[in-house]
Amino acid sequence: MTPRERSTRAEESLPARLVFWLIAVAFAAVLPHFYTLPLWISAVVLATFLFVFLRARAGYQPLSARIKIPLVFAGLLGILWQYRAPLSQEFCVAILTLFMSLKLTELRARRDLMALIALGYFLLLTHYFQDHGLFTSFWMFGSALLVTASLLVLHDSPGRPVQATLKTAARLLLQALPLMLVFYLFFPRVEGPLWRIPASEASRTGLSGKMSPGQIARLAQSGEIAFRARFAGAPPPRAQLYWRGPVLTRYDGQNWEAEDFPPRPPRVEAMEPTVSYTLTLEAHRQHWLLPLDMPIAYEGVEAFMTRNGLLRSVRPVSSRLQLRMRSAPRYRMDIGRLPRLLEAANLQLPAGYNPKTLALARQWRETSSDGRELAARALAYFRDEPFYYTLEPPLLGVNVIDDFLFNTRRGFCEHYAAAFVTLMRAAGVPARVVTGYLGGEINPVDHFLVVRQSAAHAWAEIWTSETGWRRMDPTAVIPLDRVSPEALAAQSENTPERAADGLSSPGWLTRGRYYWEAANNLWNQWALGYTPERQRALMARLGMKNSDWKALVRVLVFAAFLTLTALAAFILRRRSKARDAVWHIWQTACRRLARKGVDTPAWETPLALAARLMREKPPRVARKDLLAAERLARLVTEARYMPDPPPLAQIRAALKQIGTD
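All of these numbers come straight from a predicted model, not from anything done at the bench.

Conventions adopted
- Residues numbered from 1 in each chain as written.
- Predicted model: local features only at pLDDT ≥ 70, side-chain atom pairs only at ≥ 80, totals over all residues.
- Heavy atoms only, no water.
- Helix = DSSP H or I, 4+ residues; strand = E, 2+ residues; numbered from the N terminus.
- Buried < 20%, exposed > 50% of the residue type's maximum accessible area, 1.4 Å probe, protein only.
- Contact = heavy atoms within 4.5 Å.
- Lys, Arg positive; Asp, Glu negative; His and termini not counted.
- Charge placed at Lys NZ, Arg CZ, Asp CG, Glu CD.
- Expected span 1.5 Å × (residues − 1).
- Salt bridge = Lys/Arg side-chain N within 4 Å of Asp/Glu carboxyl O.
- Domains from an automatic or database assignment.
- Buried area = accessible area lost by both parts, 1.4 Å probe.
- 1 Å grid on protein atoms, 1.4 Å probe; cavity = no way out; pocket = protein on both sides within 12 Å on 5 of 7 lines; lining within 4 Å.
- Points joined across faces, edges and corners; volume = space filled by probe spheres on them.
- Nonpolar A, V, L, I, M, F, W, Y, C, P; charged D, E, K, R; others polar.
- Core = buried A, V, L, I, M, F, W, Y, C linked by side-chain atoms within 4.5 Å.
- Pairing = 2+ DSSP bridges.
- Axes fitted to C-alpha atoms, helices over the stretch in contact; angles between N-to-C directions.
- pLDDT = per-residue confidence, 0-100.
- Parallel < 35°, antiparallel > 145°, perpendicular 65-115°, else oblique.
- Left-handed = near helix turned anticlockwise from the far one by under 90°.
- Phe/Tyr/Trp six-rings, centres within 6.5 Å; stacked < 30°, edge-to-face > 60°.

A few words on the overall build of the protein chain. In terms of regular secondary structure, the protein chain is built from 20 helices and 18 strands. Across its three principal axes, the protein chain shows a C-alpha extent of roughly 125 × 65 × 55 Å. Out of the 661 residues in the protein chain, the part that is buried amounts to 47%. Relative to all contacts within the protein chain whose residues are 6 or more apart in sequence, the contacts with residues 24 or more apart total 74%. Each charge sign in the protein chain was given a centre, from 82 positive and 54 negative side chains, and these centres are 10 Å apart.

So, about helix α19 (residues 623-641). Over its 19 residues, α19 extends 27 Å from the first C-alpha to the last, a length consistent with the 27 Å expected when each residue adds 1.5 Å. Residues of α19 that are buried include every one of D625, L626, A628, A629, L632, A633, L635, V636, T637 and A639, and no others.

Our focus in this paragraph is the pattern of salt bridges. The full count for this structure, using the stated rule, is 27 salt bridges. As a salt-bridge pair, R383 and D384 come within 3.4 Å of each other at their nearest N and O atoms. Salt bridges sharing partners connect three or more residues here, namely R244, D293, R432, E461 and R471.

Before going further, it helps to examine the domain arrangement of the protein chain. Annotation of the protein chain at the domain level lists domain 1 (18-160), domain 2 (200-346 + 430-530) and domain 3 (577-656). Of note, the centres of domain 1 and domain 2, computed from C-alpha atoms alone, are 40 Å apart. Contacts between the two partners involve nine residues from domain 1, matched on the other side by 11 residues from domain 2. Contact with domain 2 buries area across many residues of domain 1, yet E90, H132 and L134 alone supply 59% of it, more than any other trio.

With that settled, the discussion passes to the environment of N443. Tracing the chain through its elements places N443 in the loop between β15 (441-442) and β16 (449-452). Among the residues examined, N443 registers a relative accessible area of 1% and is labelled buried. Residues in contact with N443, not counting those within four places in the same chain, are F448, V450, Y514, E517 and A518.

On to empty space enclosed by the protein, then. Going through the model one piece at a time under the given rule, you end up with one cavity of 30 Å³ or more. Approximately 80 Å³ is the volume attributed to the largest cavity. In terms of lining residues, the largest cavity is bounded by 13 residues, among which P213, V400, E414, H415 and A418 are the most central. Of all elements in the fold, only α12 (400-408) and α13 (413-426) reach the threshold of two or more residues within the lining of the largest cavity. A breakdown of the residues in the lining of the largest cavity according to their chemical character gives nine nonpolar, three polar and one charged.

This next bit is on the nonpolar core. Counting 84 residues, the largest nonpolar core has W243, F382, F420, M424 and Y437 as its most contacted members. Residue contributions to this core peak at nine residues, all from α13. Look past the residues within four positions of F420 in its chain and what remains in contact with it is A375, A378, L379, F382, A460, I462, M472 and P474. Judged by nonpolar contacts, the second largest core, of 45 residues, contains F34, L123, A149 and L173.

Another point: the sheet that holds strand β7 (residues 295-299). The strands making up a sheet associate through backbone hydrogen bonding, with each pair oriented either parallel or antiparallel. Here six strands make up an open sheet; going across it, the order is β7-β10-β6-β2-β16-β15 and the pairing antiparallel. With one partner strand each, in any of the chains shown, β7 and β15 form the two edges of the open sheet. Helix-sheet contacts for helix α15 (residues 508-528) involve β2 (225-231), β6 (275-281), β10 (321-327), β15 and β16, and the interaxial angle to β2 is about 80°.

For the rest of this paragraph, the subject is helix α10 (residues 355-367). Taking 1.5 Å per residue, 13 residues should reach 18 Å; α10 reaches 19 Å between its end C-alpha atoms and fits that length. Close packing links the buried residues of α10 with α11 (371-384), α12 and α13.

Okay, the confidence of the model for the protein chain next. Chain-level statistics for the protein chain give a pLDDT mean of 84 and a share of 91% at 70 or above. Per-element mean pLDDT across the protein chain ranges from 72 in helix α14 (residues 485-493) up to 95 in α13. In the model, residues 1-11 has pLDDT below 50 throughout and makes 19 contacts with residues more than four positions away in sequence or in other chains. Counting interchain partners and residues more than four positions distant, the pLDDT-below-50 stretch residues 194-204 has 21 contacts.

Next up on the list: the environment of F138. Tracing the backbone shows F138 in helix α6 (residues 134-155). Distance from F138 to V153, taken between C-alpha atoms, is 23 Å for residues 15 residues apart in sequence.

We now examine the packing of helix α3 (residues 65-83) against helix α4 (residues 89-103). Axis separation between α3 and α4 bottoms out at 10 Å; the angle between their running directions is 160°. Relative to α4, the element α3 is oriented roughly antiparallel. As for how α3 packs across α4, the hand of that crossing is right-handed. Counted together, L71, V72, G75, L76, I79, L80 and Y83 of α3 and E90, F91, A94, I95, L98, F99 and L102 of α4 form the full contact between these two elements. Partitioned by chemical class, the residues of the contact of α3 with α4 number 12 nonpolar, one polar and one charged.

Our next topic: the side chain of S137. Take S137: it is sitting in helix α6. Of the residues examined, S137 reaches a relative accessible area of 14% and is grouped as buried. What S137 contacts, discounting residues up to four positions off in sequence, is Y128, H132 and W523.

A separate point is the packing of aromatic side chains. As enumerated under the stated definition, the model contains 20 aromatic pairs in all. On the numbers, 5.0 Å between centres and 35° between planes, the contact of F20 with F53 is tilted. Highlighted residues: F20 in helix α1 (residues 16-30) and F53 in helix α2 (residues 39-57), separated in sequence by 33 residues. On the basis of an interplanar angle of 85° and a centroid distance of 5.0 Å, the ring pair of F404 and Y416 is categorised as edge-to-face. Of this pair, F404 sits in helix α12 while Y416 sits in helix α13, and the two are 12 residues apart along the sequence.

In structure tokens, the structure reads:
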């Protein structure tokens with residue numbers, strides 16, 4: 001369709017109905033971004049929508065440049081002040097969102113309307129910066145339907161019924177689905193997202209490479225999914241479901257930080273049969289891969305194991321990642337001799353901090369120098385003394401460990417892990433903090449183990465020459481009567497055995513969550529999990545051993561040509577059949593009129609014949625037949641020449657109103 005050759009002048013008011021369509025387009029395109037945008041930007045955008053809506057009801061007129069230009073510069077300066085990181089994803093999305101709303105205030109010519117609709121299409125793509133889930137896909141399809149419908153309204157008539165416009169837009173999108181499927185299957189896949197706009201530090205989620213008091217406790221109050229796992233057999237019990245993340249060795253008296261160790265794997269010996277599983281890791285924009293402790297083999301990503309047992313990806317995990325892994329839940333690591341550099345790093349303590357803790361550790365050291373005995377004494381100290389496990393620990397002073405061990409005695413996992421490692425190092429035992437996740441919840445619908453941010457955990461590892469690195473979890477020795485209800489609930493939710501009867505439980509919200517998360521996971525596994533490896537496997541099944549990007553482009557062009565040809569043939573054949581049926585109905589009407597003495601030459605168009613009948617009023621043709629013939633002529637013409645023809649049943653009904661002799 002070609003646009004009408006006219007422009008909307010400033011002195012003419014745009015039809016209110018058309019402005020309402022454009023407001024709906026802008027609102028659908030920006031609404032999901034309100035979740036991540038600063039509150040003031042969302043408020044400005046909504047206020048602009050309301051202003052344009054009220055202005056359209058009174059007769060739309062664009063804003064003058066004296067008002068518009070200061071608004072644009074004020075918005076740009078506000079966004080620069082808010083993000084201080086030009087060209088980041090968040091900055092670009094904020095600019096597009098704000099300027100799209102302001103574009104509604106300067107609609108003068110048809111090109112402005114087209115620019116707004118094109119911007120709506122583009123802004124829809126930016127939703128994938130934040131989320132790739134099923135809900136986002138549904139929203140994008142509905143929004144694309146609305147944007148396409150507004151494009152039809154712009155090229156047709158704003159007075160056209162909304163249902164007819166949406167129906168035509170839906171038909172256009174459905175006709176595009178085969179071509180979309182061809183591009184999905186054969187377009188050359190790349191590792192990571194197509195865009196290269198950097199994300200800000202604030203957009204990183206999950207664990208970080210640092211740990212301070214209260215940090216993991218705050219993370220543990222989030223229900224967001226960190227990753228999913230599906231085991232080849234039964235999953236290990238919760239006591240073995242330690243998902244290994246950053247290993248923290250450097251301590252400055254307040255914070256624990258990870259150090260960069262050489263990309264050389266430690267010496268690991270499995271003590272029992274390993275377990276195989278598939279890990280679907282959500283994007284967290286960090287390098288660690290969070291395998292089940294301890295990973296033995298992995299595939300599906302370019303990664304390496306560091307000397308301290310961290311499985312690290314070469315590139316940040318900026319999109320959902322699927323890995324095939326094998327781990328040993330029980331293992332021995334670095335038995336024998338520890339390298340001096342590694343030993344020094346795991347004995348380091350800052351000077352001038354926590355004197356009471358150091359004195360207690362030296363006192364223990366005087367009675368025994370065996371690392372296992374010292375660790376057992378520290379665990380007994382946490383168990384026997386009145387320590388409490390809580391998600392809301394009190395604030396601590398400068399000497400964090402002293403304040404926790406001798407004053408508050410209330411903390412979350414990071415408090416206990418940090419205190420335990422400090423005690424061990426002060427007693428001469430190499431020790432380190434390991435952060436990650438503990439446990440997980442089986443979804444009874446798809447049988448995937450779901451690990452949420454609420455399962456974030458910190459534990460300790462100590463090293464002795466006899467046992468190597470050995471996991472120690474001081475929070476496990478706290479009696480249940482000293483665990484707060486919130487922490488106890490978080491532990492019970494992240495247990496594989498908990499959801500065994502989840503679908504039979506009375507909570508409909510829980511059952512609904514299971515089904516929705518299973519549907520999202522299915523979408524992630526099959527739609528979003530179409531990786532370059534799976535594309536190469538598909539090409540191999542089609543007989544293409546060499547599936548580089550050049551071969552894929554050739555296949556893509558050929559498949560797109562066949563798809564477009566088949567689609568065009570289908571549309572033309574369907575339209576031809578519909579026109580033949582309509583013309584057959586008109587010929588039937590002509591034969592009925594001929595039996596009433598009306599001359600119906602083949603060269604005369606339906607509208608011309610109807611107009612002649614209304615002028616001549618043949619005596620043998622009743623007035624109701626004249627009106628029925630005029631209505632049928634109009635419907636036949638619309639069916640043959642209009643882009644949205646009337647239903648065939650409506651035309652047949654009009655034919656029945658023309659009487660027969």
